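# Summary of structural features
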Amino acid sequence: MATVNDHYLKLKAGYLFPEIARRVSAFAEANPEAPLIKLGIGDVTEPLPEACRQAMIQAVQDLGSRDTFKGYGPEQGYAWLREKIATHDFQARGCDIDASEIFISDGSKCDTGNILDIFGDNNTIAVTDPVYPVYVDTNVMAGHTGSTNERGEYEGLVYLPITAENQFIAEIPSHKVDLIYLCFPNNPTGSVATKAHLQAWVNYAREHGSVIFFDAAYEAFISDPEIPHSIYEIEGARNCAIEFRSFSKNAGFTGTRCALTVVPKTLTAKAADGTDVELWKLWNRRQSTKFNGVSYIVQRGAEAVYSEAGQAQIKALVNFYLDNAQIIREQLTAAGLQVYGGVNAPYVWVQTPNGLSSWDFFDKLLHICHVVGTPGSGFGAAGEGYFRISAFNSRNNVETAMQRITQ
Ligand SMILES: *Cc1c(COP(=O)(O)O)cnc(C)c1O
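Since this is a predicted model, take the numbers as computed values, not measurements.

Criteria and cut-off values
Residues numbered from 1 in each chain as written. Predicted model: local features only at pLDDT ≥ 70, side-chain atom pairs only at ≥ 80, totals over all residues. Heavy atoms only, no water. Near = heavy atom within 4 Å. Polar contact = N/O pair within 3.5 Å; in protein donor to acceptor, adjacent residues only side chain to side chain. Areas by Shrake-Rupley, 256 points an atom, 1.4 Å probe, with all protein chains shown as cover. Nonpolar A, V, L, I, M, F, W, Y, C, P; charged D, E, K, R; others polar. UniProt positions renumbered as here; feature names shortened; annotations may be inferred. Helix = DSSP H or I, 4+ residues; strand = E, 2+ residues; numbered from the N terminus. Contact = heavy atoms within 4.5 Å. Domains from an automatic or database assignment. Buried area = accessible area lost by both parts, 1.4 Å probe. Salt bridge = Lys/Arg side-chain N within 4 Å of Asp/Glu carboxyl O. Axes fitted to C-alpha atoms, helices over the stretch in contact; angles between N-to-C directions. Left-handed = near helix turned anticlockwise from the far one by under 90°. 1 Å grid on protein atoms, 1.4 Å probe; cavity = no way out; pocket = protein on both sides within 12 Å on 5 of 7 lines; lining within 4 Å. Points joined across faces, edges and corners; volume = space filled by probe spheres on them.

Around the ligand, 14 residues are found, and the nearest of them are Asp215, Tyr218, Ser246, Ser248 and Lys249. Residue Ser108 places a main-chain N or O atom 2.8 Å away from an oxygen atom belonging to the ligand. For the ligand, an oxygen atom lies 2.7 Å from a polar atom in the side chain of Ser246. In isolation the ligand exposes 390 Å². Once the protein is present, 93% of that is buried. Each residue belonging to the shell around the ligand can be placed in one class, and the counts come to five nonpolar, five polar and four charged.

In structure tokens, the structure reads:
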């Protein structure tokens, strides 16, 4: 008799987004005339930059003749893309990262899950609370946790609360953890980490032989010049950190799919016999075996992000969303709400008024303003009393939603 991976049965049944959908459709059925605006989604809304589209069209043409046709590409990604990324995203910021340490993939969501393939099963794992749910659920699937308690926390994971009380910056643990997930600029809180904070994490990781998984999916939204864009801007990070980046949020590739993972060749972890093993070698082996690369067309589209026109277009795209975030911040503040984030990130993290629970505030906004957001408690127990509003939307939707809330 075939059996299943029982660890999947421990997963909370995708509670957050299905529950939002259930409440929204119940409301829409009862109020078919109410024009809903959805500011809950973490997906981009604006079209793909012209430079990327032109490059993809050209790439399709390349595939149409025998001399320029491409079959399987390198599993790690084409060298021309990896080199542009190394130069523009890392070396230009003083990060000592070589093109050979960059692995192109079809998404950071997949990579942050797949990376667990090359780590042992007995690591102590720390996540922030609230958190991007993928980090938690992929560890549940891999059997790294027990079941959930009444707060929805999995036994075996270390939760580091991030709330207004600590400026949404996790306190460095006093005990040892082996793997640490950090996401800056943060989804869902929109907070950022200073150089000093990241240095403290790197020092901690080096002292304890831990590995930091640094998710920089939103680095393009950093507007403060003092805030680091990459963990490799921090002294010592080459020996303790893996960084994940994506073209999803800066260039609108959520549906097109292209991302990258950086594994420095100087980064090692222990084998069972105590020897140091280069993680680069294991990830290279993993990708060569289980992955066959991102399509040539999409990689050409990603390469165009680094052209002069591409750089200008993605800057305009990011600024458009940041302007949305500023409108949301200003209007909600004027309405008397306490807001966080939204300056170096496309998410505004709102404190619910009068001690309302996240879900009560969700219902209120839905029923009175016909605006949909995301309850903070859905991202973790410490998200209770908060609410996420996304700046990924049209200007008209953002302005209309804010008018409804402030009225
Ligand atoms: C959107 C997002 C990503 C990007 O994921 P892709 O699979 O590359 O689209 C990564 N991390 C976080 C926290 C995100 O919100």
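The discussion continues.
Turning next to the UniProt feature "modified residue: N6-(pyridoxal phosphate)lysine" (unreviewed entry) in the protein. In the UniProt entry, the feature "modified residue: N6-(pyridoxal phosphate)lysine" (unreviewed entry) is given for Lys249. Inspection of the secondary structure puts Lys249 in the loop between strand E7 (241-246) and strand E8 (259-262). Look past the residues within four positions of Lys249 in its chain and what remains in contact with it is Gly42, Val44, Ala217, Tyr218, Phe221, Thr254 and Phe392.

We now examine the domain arrangement of the protein. Under the domain assignment, the protein is made up of domain 1 (6-47 + 309-406) and domain 2 (53-307). Look at where the C-alpha atoms of domain 1 and domain 2 centre, and you get two points 25 Å apart. Each partner contributes to the interface: domain 1 provides 33 residues, whereas domain 2 provides 44 residues. Buried area between domain 1 and domain 2, summed over both chains or domains, comes out near 3200 Å², and the portion from carbon and sulfur atoms is 63%. Where domain 1 meets domain 2, there are zero salt bridges. Of all the secondary-structure elements, those providing two or more residues to the side of domain 1 that touches domain 2 are helix H9 (308-334), strand E11 (338-341), strand E12 (347-351) and strand E15 (386-390). Element by element, the count of residues in the side of domain 1 that touches domain 2 is highest for H9, at eight residues. Within the side of domain 1 that touches domain 2, the residues separate by chemical class into 20 nonpolar, nine polar and four charged.

Each pair of packed helices gets described by two things: the angle between the helix axes and the distance between those axes. Orientation of helix H1 (residues 16-30) relative to helix H10 (residues 358-369), taken along the N-to-C sense of each, is 35 degrees, at an axis distance of 11 Å. The chirality of how H1 crosses H10 is right-handed. Here Leu16, Glu19, Ile20, Arg23, Val24 and Phe27 of H1 lie close against H10, whose contacting residues are Trp359, Phe362, Asp363, Leu366 and His367. In the contact of H1 with H10, the residues fall into seven nonpolar, one polar and three charged.

The next subject is the layout of surface pockets. Estimated volume of the largest pocket: approximately 1200 Å³. If you go around the largest pocket, you meet 47 residues; those closest to its centre are Phe17, Tyr132, Pro133, Val134 and Phe379. Listing elements by their share of the lining of the largest pocket, those giving two or more residues are H1, helix H4 (108-114) and helix H5 (133-141). The element contributing the most residues to the lining of the largest pocket is H5, with seven residues. Its residues placed into classes, the lining of the largest pocket shows 23 nonpolar, 13 polar and eleven charged.

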